[in-house]
Structures are given as C-alpha cells and as structure tokens.
Amino acid sequence: MVKFNTICRSGQERSTNADITKVYRNPNPKVHPLAHAREYQRALVATKVEKIYAQPFLGALNGHSDGVSCIEACRFNLSKLVSGSYDGEIRIWDIPSRRTLIQLNAHQQMVKGVSFSRDGMRIVSSGEDKTINLYDFPQLLEQSNNTFQDPLMRYLSKGTLGNVDHNYQLSQFATAGQVVQVWDYERPKPIMKFQWGVDSVSCVKYSPADSNLICGTSMDRCVILYDVRAESAIHKVAMLNKSQCLAWNPIEPLNIVIGNDDSNCYTYDIRKIELPTMIHKDHISAVMSVAFSSSGREFVSGSFDRTIRIFPFNKGFSREVYHGQRMQQVNSVSFSADAQFVYSGSNDMNIRIWKVNASQKVGIINQRETNATNYRQALKEKFKYNSEIKRIAKHRHLPKYLMNKKKQRQEMKESKNRKQRNAELNNPGQYEAPKPEKQQRIEQFIQ
Amino acid sequence: MGKLNKEQRLEKQLAKKIEKQDVYQQIKLQETQEDDFNVANLIQTLEDQGQQIDSVKTQYLRVQEKARIVQEPETQAERDQQERKVAATVMKQDIKKWLPIVKKNRESERIDFTKQRNVQISKISDTSNALLNNHLGVKLQNAMEEVEKVEQKQELNGQSNQQKSNLQFYNDLKMKKISSIKSKIYKQIKKKKGNKEKLKLMAQLTPAERRQEIEKLRLSRAKERITLRHSTKNKFVSQLLRFGGDKKSLKQQQSFLNNIKHQLLAKAQLNELEDGEFDEENFREQAISQLEQELQDIEKREKEKQNNFGFLDKQKKQDLQQSKSIAQKLLTMLKSGNDDAIQLDESDNQEQNSDDNYEPNVNGDKDKSNINIENNEFNGRANFVNETKQLTETQKKRIDAKTSLSNYLNQEPEKLQQQNKQEKQLTIQDEKKQLIEGLNIKNIKQKYEKQVNQKLTNQDLKKLQSDPDELLQQNLANFNLVLDEDENENAFIDEKIKDMEEELPPEPANTKGWGSWAGFGIKEKKPLTQEQILQNKIKKIREIQKKRQDAKLDNVIISEKRDVKFSKYLVPKLPSEFTNSEQFDQLHTLPLGPEWNSLTSHSALTQPQIITKAGVVINPVKIPQQINKLI
C-alpha cells in the first residue's frame, strides 16, 4: 500500500497574497444612523480608559543632599540632565539609568543657575558666591570620580549673580544679577553689561531662535527686553507682582511666557509688550519656574504650591496637573528635547521625571497601537464639548489643601465681582466699566 | 664753500625775516595811529547811529543761548532712552522675519516634528541655481519670454472683451440698485407699466393664442398655490383636488348629459299623453344628433391640453370616459333600435343574484318579466330611459303583466316574502351604488365594489334576515372615517389642544384663605365660577399657542419636548470657537471610525495635530536659507 500526503487547504486560507476578500461599504450616512452614538460611546470609553491608565510619574533622581535649585535638560543629548542644589553641588545625570554621572562641589554657596551649550559639550553654572564656572563635559567624564574638579574657566563677577543661560548659537552666555552681563568663553570680564534701574534681575533667557535677544525679569516687578547688537535694553513693562522666571517659545520666537508671583503665567508678544496676550491661571501660589516644550505648543510650570502644571500655549487653563505626596515646592522645571518628558527639581532634594501625556505608553509602540491611540484622541477631540465627556476629561484628583485653596479663591473672586456689581447698581453713573484683567495686571510700560 | 654758503644763506634768511617783521610792526603802528579799532569804538559808532544797540544785544544773547543748547552734553538717562528707542525700532524690523513662519505653523493642519524640513528647501534652491548656468536653463528662460509675449498679445485682444464685460457689470450693478428700491409708489408705477405692456402684447395675439396664454397663466397660478405650504385647504385647490377642476364647469359637464336625457324623457311623455303614439323616428334623429354632438365635445376635451397634474388628468379622463361610454351606449341603442342592449346586462346581474336564491322560480317567463319591471324602478338613469321606450311598444303587455302580478301576489303570500328579501338586497346594493357615484374616489370605489359584487352566502342572507341594516352601518362607518373631513379635523384639533393643555402649569389647589390677606375689614373674594376658570384656561392656551412652532400649521403638531435620552449626544450650548451651529455640525457630524471610512481617510482624519516622537530632538525654529540670504 502506498500512502500519499495530500496538500489540503481550508476554505478560509488564502492561496496568494493578492486574493483579498474585499468588503464593500455604503458610505451614505442614512445607512448608518447609529454611527454618532457608537462613536460617542467610544469617546466616552476612551476618556475613561485614559483616566485609568494615567500614570505620569516615571521615577525620581535622588542624590542631592539639599533642595534642588535649578535643573536643565541637555538640548542635544536626550539622556543628560544637569542640576544644581542649595549646597553648591552640581550633578549631571544619566536619565535612562537614573544615576549621577558626575558630582561636583562647584560653588561655595547656592547654585543659582546651570545651563548646557547647544552642542551639549559645555556646562555653565552660576552661584551665589559671585562665580561662574565653565565646564567641559568630556573632560568631566574622564575624571568622573573627582568631585573637586577645576572648571575649564572660572569667571568672577563684581555684583551678585542670578541664573545663567547659554547662547544657542555662539560661545557666549548671559548672567542675571545686579547687572545683566554677557560673557564670552575667552574673556575674563563680561563683554557687555546692561543696567536699567537699581534693582537686580532675577532671571535672563536667550531667545533660542534669535541669539541677539535676551529677556529678563527683574526684582522691581519688571519684564525687560535686551538687544545684544545695540548693546542696550529695548523696553520694559512693570507688573503688579514680581516675576521669577520666563521661557521663550522656540517655535514662535515672538512669544515669551512669564511665571509671576501672583500665581499666574503670562504670555507676552514682544512686538507689543505693553499688554500680555494671555493669562494662564490655575496655580494657587507663586510660579517658580516655566519651561517651553520644544514643539512650542505647551509649556510646563512649577510652583510654590507643590504642583507642576502643563498649559497649552494658547489656553487660559492648564491641561494637566502633577503632584506627589512627598514633592515639596518646585524650584525648577525642564522639558526634554523631544517634548516627551518633564523634569522637576524640588525642595525635597529630588528630581522627578514625568510623562507629558499621562496615559501614553513608554517604550516601543507599534503602528496599530499608534493608530488606535490616534483614533481615540481624535474621538476625544470630536466629543470634547459633550458635557459627560468634558466632565470626566476635566476631572483631576487634587490634595485637600489645593482643593480648599481653590474653593476659597473662587469664593473670593465671586464676592469681589458681586461687590463691584452691587456698587455699580446702587450708584449708577459713578463707576466706570472695569478694565480688562490683562490691563489690570500691568502697572506701566516704559520705553 | 658749502658751509660758508649755508651760513650765509641762513643769515640772509634771518635778515629777511627781521626786515619783514619790522615792516609789519611799522604798518601796525601806522594803522593804530590812523584809527583806533576797539569794541568800545564800535559801540560808540553804533550809539552815534541810534538805538539799534538794544536789538543787536538781544540778537547776540539769543545766538549765544542756542549755541549753549546745542553744545550742552545730554544726561545719561536721555542718551539711554534714545538708544533704546533706536534699538526698539531695529528689533521690530528684525522680528518681522519670523512672522511668515509663525503664521504658516499656526495655519497648518498638522506639524510633523519628526521630519526635517529645511533640507529640501536648500536642495531646490541649489538646483535652480545650477539650472541657470546650463544651456537648458537658458533655453527655458527664452521659452518663458516667448510665452510672455504671446500673453501680452492676448491681453490686447482681451481689452475689447473687457470693455463689454465692464458694461455688463455696470448694468448688473444698476439692476441691483433698482431691485433694492423699497418705495411702494415706485413698485406701483412699475407694475402699471408692466401691465400695459402685457395688454399690448395680448392685443396683438389671435384669440386662440390669447386663450392659450390665459390658460398658461392659470396653470402657473395653480402651481404656485399648490406649492405653497398648508394652502391646500384653499377653496380653489380643494375643488381642484376633489372635482379635478372648477366645480361649476364639472357640474355643467355632468348635468349636460342628464339634461338631454330629461328632455328626451319629457318629450316622450308628452307624446304619450297627447297622442298615445310616439313619433319614434323624429325622436331618434334628434337624440342621435345631440348625442353625436356630445361625443364630439368629449373628444375635443380629451384632446385639450392637460393640466400637468397626474391625478387631475386621471380624474378628468375617467369622467369623460364614463360620459362617453354612456353616450356611446345610448347611440348604439338608438341606432340599432334594440332596447335590450342595457337591459340584458342588468338582467345578467339579476340572474346571478337570483341563482343564489335557494328557492326555485316557480313561474317561469312571467316571473322574469315581473322582476324586470320591478328592477327597472330601482335602477339608474339608463334603465329609466329604457322604460320609456318599452312603454311605447309594450304598453299593453305591461299592464297585463301588472295585473298578473297582483293576481300572483294574492295567490302566494309565502313567495312574496321571498321576493321582499330580494328587494331588500337590491335596495342595499342600490344605495351603495349611489353612494359610490357621489364620490369620485377610485380606491374606495373599487374596494367597495368588490364588497357589493361579492356573492351573498347563505349565512349572510340569514344575517340580513335578522337585522339588515347592520352591514350597511358598518360600511358607512368606514366611509365616515375616511371621508368625513370635518370630523377628522375636529379630532386633530382636539388632540392639539390636549397637547397644549399638558403644557399648562399645574393649577394651585383651591384652598380657601390661602394666598389672600386676612384680618378685619377685608372683603372676601368670590371664588371663580366655572366659566371664568374656563375662560382663563382658554386665554392661557391661546398664549401658549402663539409661542408654539405649529401655531400657523393647522394640520401639524410639533412636539417641543426634549428627549432626555438623546441629549447626551448633543452639546448643551454652542462652543465659543464657533460662530454658528451649522459650522459646528459640519465639523462634528463626520464619523471618524474605520467602519464608516476607508482606511486611508480614517488614518488621515485621526492624525494628531502635532506629531512628535520619543527620541527625536526638536530644534528651535530656523529661518530658511533663501530668506536668510535676502536678509
């Protein structure tokens, strides 16, 4: 007997790749009366699922022995981060492994600011001890165990110093302080000085797109714009409260965001700096630090109220709020260069790593997954005005002290408005129409 | 020698210099001696001249002050301010370079930060430069120049066309302005003018054409009226719908035939009474001629233009066919001289009915004739005419038949009962037929005719014996449901009012003393009477009615209640980003899912606005090289 092993195929199997069974659909909306309802349900599920999978906190970098005063992520290398603390220590971190690469006892007093050069090769730091240190990164790596390494250059400032910011294109950096100074690598003395008024400047930032423009916030409640080419300030605007920090929009170099002590952030257009274009509200205490995403579409702010908030660049209220039970006042925040992560340095000696999109999966995502998430996002966007979905998407769990404070502020605002309204009603003709809020916050524009 | 010479020369030069100095001093001395040139002297001379000294002094002071202002050094603050102003103007100019980039980013549907853009632009610019250096580039340029020349020529030709179009545009503008005039007087004048022109045109036309024109006008009006919403209750339209045209004209048409028949009858009767003889030939000739005329008229009407409304035309046709068939039947009958043409048909029906009777006909021929005669009394117009003709020929026969019938009745009372049954049956059928004839509704007619033509079974007959009116009543009720418009309308209005009553706020419980003041000297209010309460209610309902959407729509009830279940799919109010609801709907009605879209469109619809990727560094914005070169 002979047995043959025959080839057999079931009906469902395809003989070749080409014979695909086509599915024909009727696109006429009359044939699909339930499309809207089904999509609504999907959107609802998507919002709920997003809430369930929202785990923004990725991890903490601990090692500093005092509160972290300043941090900055490298603009070139995604894995590097530099931080300075109140005890004058500087640490350079490797984020994927979450360990310190280099530890430096750089300053004798608090580190006021740290900054990477555009290529990630140089690090500048300024301290309260009136010194500015310039480090060479490869050189530091060579002797990574030595905590008392000498810097490549050490610059001495006559006056007190604020933060330091490296130029994005040139080998220059600017420091805030009693006088705003622009330094060159090769010169022991500042190549440029700006002084306008008596009070010192707390924070300066170079425009990432235009290396000639510097913006600063001063202790006399002003926001000042400097031009390096003309070697002079351009104009300043005095606000009601002092501003601590600022950030330039890297994609739209006309706009800056300022973190104010009145717990708001303000967006200014430098063409018309007389009035802010937008007020971003949600914090309940002074904003200590702001940083723009490299996509230019959102910015992150760290506040004295122990929270981090992510604001869309064109919305008045925050999209996201991050807080932790052990996280104290946030001194500094920074965005990663690929706009995926946020780093925060706080008074509790830790640097924390957060996801920008709380429910986003970290790691390799295949195409089908991205398509599905895109669809979910699009649905959420489509149905964001429906009350139920809006409510769920908007809801955030907040600690008690925040909730109470928020309620209190709301009540205060309402009562103030009520008082104003009643006064107007009872004394007709005596009151002028109240100024818009943007105008109220501005004291003076000086040219 | 040389040395000596040198010394000598020096001496000579010195001597010359000294001489010169001496001369100068001498001259100076001479001058001073001649006139003392001092400020005091100058002023003295001026004083001598008059009072001009003061004006000079003031002028001098002014000049001095001006000089001081010009020469005075600025303060540091002022200098800084000026610098700042200059810097600001420079910065504002410089910043403009970002505007197109920012604008483009903001307007673009999505920004993909995972791609590098600047590279492509630089490549294009490089290639374009390289092209210009080659022969190909030169050729291209020449070709472009030629194309430009041709275009210039075309422009010249186009100028005349442009003039025309300009004129037309001007005319359009003018017409627009005229159409926007709102004054009534202007419109009246315009209308009068238009009417005059129309009349002139009409006067030029032949009468036949004129009729056609008028018919067209009527048609257009009818169309307008019918297309108007809820104006179908209009008298004109309702008549159109009911009678397929003017009620009067239709009635005239229908009565025309009847009149002829009546006239014929009357003539026949007269002849009968006067002479006892009937001039058959004359009568026939007259009748035939009249009937022929009638047929011609009907044919004409059939050929006439149709109303363009299907249902109206059908009805007209039916009516005409009916009258035609009757007229043709009469004609054939009169021409042939046989009166049996119609009689036979009816007798067939009778036979059908009589076949079902389970009691057999005992009297053969006699009975049949009797039944015929009796049936003739109940049947319609055609039979009535037939009777007259029978009279002439079979007068005596008929009388005989009557007498024989009476005899028969006397003889057999039992059979009479049976006959009565038959009579009842027939009366019912006739009444039904009459009902149908009065109503020109095709469907109901057919439906009802079926019922009429149904063969009665034994059970039915038994039923009829018990109460014969039952079936009739049932059918009449059906008719009322469909046909009695007034009742239907009333019911609808009642429903509407009920709906409005539900909207009324609940009445407070009428407890005495509540909601009124109490105490000494207060007059007690009389409670409202039932009439007052009703009137109040009616008032409230009327107020509600005004607010309702269906206030002016008699035959419509629009429910304004909101479905709670559905509300979750809707947005409570229009978001501030949108100007109107249509805009919002347009953006939000489109389904995004793969079930309702092709895969490509699904992926395109669901792409996020900003595409970033973990691990891809996003650099700050840069000015493209081309623009940078220009700057």
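Residues numbered from 1 in each chain as written. Chains lettered and ligands numbered in written order. Predicted model: local features only at pLDDT ≥ 70, side-chain atom pairs only at ≥ 80, totals over all residues. Heavy atoms only, no water.

- An unreviewed UniProt entry lists chain B under the name U3 small nucleolar RNA-associated protein 14, from Paramecium pentaurelia.
- In its Subcellular location (unreviewed entry) section, the UniProt entry covering chain B states "Nucleus, Nucleolus". (UniProt positions renumbered as here; feature names shortened; annotations may be inferred.)

- Under an unreviewed UniProt entry, chain A has the name DDB1- and CUL4-associated factor 13 and belongs to Paramecium pentaurelia.
- Per its UniProt entry, chain A bears the Subcellular location (unreviewed entry) comment "Nucleus, Nucleolus".
- Comment text from UniProt for chain A, heading Sequence similarities (unreviewed entry), reads "Belongs to the WD repeat DCAF13/WDSOF1 family."

Looking at the UniProt feature "repeat: WD" (unreviewed entry) in chain A
Residues and elements named next belong to chain A.
And step 1. Within this structure's numbering, the places UniProt gives as "repeat: WD" (unreviewed entry) are residues 61-103, 104-136, 280-311 and 330-364.
And step 2. Regarding residues 280-311, the helix share stands at 0% and the strand share at 56%, and the terminal C-alpha atoms are separated by 8 Å.
And step 3. Annotated as residues 330-364, this span is 0% helix and 51% strand, and its ends, taken at the C-alpha atoms, are 31 Å apart. (Helix = DSSP H or I, 4+ residues; strand = E, 2+ residues; numbered from the N terminus.)

Things to note about the sheet that holds strand E3 (residues 80-85) of chain A
Residues and elements named next belong to chain A.
And step 1. Here four strands make up an open sheet; going across it, the order is E2-E3-E4-E5 and the pairing antiparallel. The open sheet has two free edges, formed respectively by strand E2 (68-73) and strand E5 (99-105), since each of these has just one partner strand. When strand polarity is set aside, the average angle formed by the axes of neighbouring strands in this sheet is 20°.
And step 2. Of the pairings in the sheet, the one linking strand E4 (residues 89-94) to E5 comprises six bridges and is antiparallel in character. Pairing of Glu89 across the sheet is with Asn105, part of E5. (Pairing = 2+ DSSP bridges. Axes fitted to C-alpha atoms, helices over the stretch in contact; angles between N-to-C directions.)

Topic: the interface of chain B and chain A
And step 1. Opposite the 51 residues of chain B that make contact, chain A presents 52 residues.
And step 2. Counting the surface lost from both chain B and chain A, the interface buries some 4700 Å², and carbon and sulfur atoms represent 61% of this.
And step 3. Summed over the three residues of chain B that lose the most area to chain A, namely B:Arg84, B:Tyr569 and B:Trp596, the buried surface amounts to 16% of that side.
And step 4. Put simply, chain B and chain A have five salt bridges between them.
And step 5. Across the salt bridge formed by B:Arg106 and A:Glu252, the nearest N and O atoms sit 2.7 Å from each other.
And step 6. Taken together, chain B and chain A are joined by 18 residue pairs in polar contact (both at pLDDT 80 or more). (Contact = heavy atoms within 4.5 Å. Buried area = accessible area lost by both parts, 1.4 Å probe. Salt bridge = Lys/Arg side-chain N within 4 Å of Asp/Glu carboxyl O. Polar contact = N/O pair within 3.5 Å; in protein donor to acceptor, adjacent residues only side chain to side chain.)

Looking at the packing of helix H1 (residues 35-52) of chain A against helix H4 (residues 387-394) of chain A
Residue and element names in this part refer to chain A.
And step 1. The interhelical angle for the contact between H1 and H4, taken along N-to-C directions, is 10°, at an axis separation of 9 Å. Regarding the angle of H1 to H4, the classification is roughly parallel. Across from Tyr40, Ala43, Leu44, Thr47, Lys48 and Lys51 in H1, the residues of H4 making contact are Glu388, Ile389, Ile392 and Ala393.
And step 2. Tallied by class, residues from the contact of H1 with H4 come to six nonpolar, one polar and three charged. (Parallel < 35°, antiparallel > 145°, perpendicular 65-115°, else oblique. Nonpolar A, V, L, I, M, F, W, Y, C, P; charged D, E, K, R; others polar.)

Quick word on the sheet that holds strand E28 (residues 350-355) of chain A
All names here are of chain A.
And step 1. Reading across from one edge, E1-E28-E27-E26 is the order of the four strands in this open sheet, with antiparallel pairing throughout. Of all strands in the sheet, those with a lone pairing partner are strand E1 (57-62) and strand E26 (330-335), marking the two edges. Sheet twist, expressed as the average angle between the axes of neighbouring strands with direction ignored, equals 20°.
And step 2. Sheet topology places strand E27 (residues 341-346) next to E28; five bridges connect them, and they run antiparallel. Note that in E28 the partner of Ser344 across the bridge is Arg352.

A few points about the environment of B:Lys622
And step 1. Within the fold, B:Lys622 resides in the loop between strand E2 (610-611) and helix H25 (625-630).
And step 2. A sequence separation of 524 residues divides B:Lys622 from B:Trp98, and the C-alpha atoms of the two residues are 8.9 Å apart.

Some remarks on the state of the cysteines
Residue and element names in this part refer to chain A.
And step 1. The full count for this structure, using the stated rule, is zero disulfides over all chains.
And step 2. In this structure Cys203 is a free cysteine whose sulfur lies 6.6 Å from that of Cys245, the closest cysteine sulfur available.
And step 3. A residue is classified by how much of its surface remains accessible, and Cys203, at 6% relative accessible area, is buried. (Disulfide = S-S within 2.5 Å. Buried < 20%, exposed > 50% of the residue type's maximum accessible area, 1.4 Å probe, protein only.)

Overview of the packing of aromatic side chains
And step 1. Under the counting rule described, the total for this entry stands at 15 aromatic pairs over all chains.
And step 2. Arranged with centres 6.4 Å apart and planes meeting at 40°, the rings of A:Phe173 and A:Tyr185 form a pair that is tilted. Residue A:Phe173 is found in strand E11 (residues 172-177), and its partner A:Tyr185 is found in the loop between strand E12 (180-184) and strand E13 (192-194); the two are separated by 12 residues along the sequence. Across the pair, A:Tyr185 and A:Phe173 agree in class, each one buried.
And step 3. Centroid distance A:Phe299 to A:Phe311: 5.2 Å. Interplanar angle 15°. Geometry classified as stacked. Of this pair, A:Phe299 sits in strand E23 (residues 298-303) while A:Phe311 is found in strand E24 (residues 307-312), placing the two residues 12 residues apart along the sequence.
And step 4. You can call A:Phe299 buried: its relative accessible area is 0%.
And step 5. Of the aromatic side chains, those joined through ring pairs into one cluster are A:Tyr40, A:Phe383, B:Phe566 and B:Tyr569.
And step 6. Lying over the aromatic face of A:Tyr401, A:Arg306 brings its terminal NZ or CZ to 4.6 Å of the ring centre. (Phe/Tyr/Trp six-rings, centres within 6.5 Å; stacked < 30°, edge-to-face > 60°. Lys NZ or Arg CZ within 6 Å of the ring centre and 35° of its normal.)

A look at the pattern of salt bridges
And step 1. Applying the stated criterion across every chain yields a total of 31 salt bridges over all chains.
And step 2. A salt bridge links A:Glu381 to A:Lys384; the shortest N-O distance between them is 2.8 Å.
And step 3. Since its relative accessible area comes to 27%, A:Lys384 is described here as partly exposed.
And step 4. Overlapping salt bridges bring together A:Asp210, A:Asp227, A:Arg229, B:Asp94 and B:Lys97 as one network.

As for the confidence of the model for chain B
Residue and element names in this part refer to chain B.
And step 1. On average, residues of chain B carry a pLDDT of 70, and 59% of them reach 70 or more.
And step 2. Counting interchain partners and residues more than four positions distant, the pLDDT-below-50 stretch residues 339-392 has 57 contacts.
And step 3. With pLDDT under 50 throughout, residues 479-484 is counted as low confidence; its partners more than four residues away or in other chains account for eight contacts.
And step 4. Scored as a complex, the prediction yields pTM 0.58 and ipTM 0.89. (pLDDT = per-residue confidence, 0-100.)

Observations concerning the nonpolar core
And step 1. With 29 residues, the main nonpolar core has A:Trp248, A:Ile256, A:Tyr268, A:Ile270 and B:Trp98 as its most contacted residues.
And step 2. With residues up to four places along the chain from it excluded, the contact list for A:Ile270 reads A:Leu213, A:Leu225, A:His235, A:Trp248, A:Pro253, A:Leu254, A:Ile256, B:Met91 and B:Ile95.
And step 3. Listed in part, the 18 residues of the second largest apolar core include A:Tyr168, A:Trp196, A:Tyr206 and A:Ala238. (Core = buried A, V, L, I, M, F, W, Y, C linked by side-chain atoms within 4.5 Å.)

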